[in-house]
Amino acid sequence: MFIMFSMKSILLKIWKYLPYKIQVIVSPWFRPLFQVFAAAIILNPQNEVLLVRVTYQRKYPWGLPGGNLEYGEDPEAAVQREVREETGFEIRVKRLLLAKNFGVSDRVGLFYVCEVVSGAFLLNEEISQIGYFSLDHLPDVRPSDTEFLKQLVAMASS
């Protein structure tokens, strides 16, 4: 049986096996200009945060839905597009929660409080699972992200 792989799926499989530090070093070669990403903080009524499990990270695959802005793209439109692509959900952006530089001079994150208005999870090349998690029972997220997620949820809840 012949299986067709898209270029994106092949690159995601290769990326998965690169250590995180190598990904950080190599990333500017693929996106050489200043990188801005948008991420969604989506809470359910139990104050659990929506996280996605990416297919291209072996270690610490869970994180917030979101991704890089395309050139000329509005940040709110970018977070809506990324959440739709990753989860199948249509969201409403409620407000910008935080803009943060992560110590890497070419990367800034924009974190938006959002709510799901429609849709259902659609399995895709990038995301294998999604779920709402309490801050006391987070899945396999980067240790440095655990405290940051707690701060974001506290800010979003107030």
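Rules behind the numbers
- Residues numbered from 1 in each chain as written.
- Predicted model: local features only at pLDDT ≥ 70, side-chain atom pairs only at ≥ 80, totals over all residues.
- Heavy atoms only, no water.
- Helix = DSSP H or I, 4+ residues; strand = E, 2+ residues; numbered from the N terminus.
- Rg over C-alpha atoms; globule rule 2.2 N^0.38 Å.
- Buried < 20%, exposed > 50% of the residue type's maximum accessible area, 1.4 Å probe, protein only.
- Lys, Arg positive; Asp, Glu negative; His and termini not counted.
- Charge placed at Lys NZ, Arg CZ, Asp CG, Glu CD.
- Polar contact = N/O pair within 3.5 Å; in protein donor to acceptor, adjacent residues only side chain to side chain.
- Contact = heavy atoms within 4.5 Å.
- Pairing = 2+ DSSP bridges.
- Salt bridge = Lys/Arg side-chain N within 4 Å of Asp/Glu carboxyl O.

**Focus: the overall build of the protein**
Phase 1: For the protein, the count of helices and strands is 4 helices and 7 strands.
Phase 2: What you see in the protein, going N to C, is helices and strands ordered as α-α-β-β-β-β-α-β-β-β-α.
Phase 3: The C-alpha atoms of the protein give a radius of gyration of 16 Å, which matches the 15 Å a tight globule of 158 residues would have.
Phase 4: Summarising its shape, the C-alpha atoms of the protein cover approximately 50 × 40 × 30 Å along the three principal directions.
Phase 5: The buried share among the 158 residues of the protein stands at 38%.
Phase 6: For the protein, the centre of its 17 positive side-chain charges and the centre of its 17 negative side-chain charges are spaced 6 Å apart.

**Comments concerning the side chain of E82**
Phase 1: Examined against the element boundaries, E82 turns out to sit in helix α3 (residues 75-87).
Phase 2: One polar contact links E82 to R81, side chain to side chain, over a distance of 3.0 Å.
Phase 3: Those residues in contact with E82 that sit more than four places away from it in its chain are G66, G67 and N68.

**Examining the sheet that holds strand β7 (residues 127-133)**
Phase 1: Judged by pairing direction, the sheet is antiparallel, and its 3 strands sit side by side in the order β3-β2-β7 without closing on themselves. One side of each edge strand has no neighbouring strand; the edge strands of this open sheet are β3 (62-63) and β7.
Phase 2: Direction of pairing for strand β2 (residues 49-54) relative to β7: antiparallel, over a ladder of 6 bridges. Across the sheet, residue V54 finds its bridge partner in β7, namely I127.

**What to know about the pattern of salt bridges**
Phase 1: In total, this model carries 6 salt bridges according to the counting rule given.
Phase 2: When the shortest N-O distance is used, the salt bridge between E73 and R81 registers 2.7 Å.
Phase 3: The exposure class assigned to R81 is buried, which follows from its relative accessible area of 14%.
Phase 4: Several salt bridges share partner residues, and in doing so they unite E73, R81, E82 and E85 into one network.

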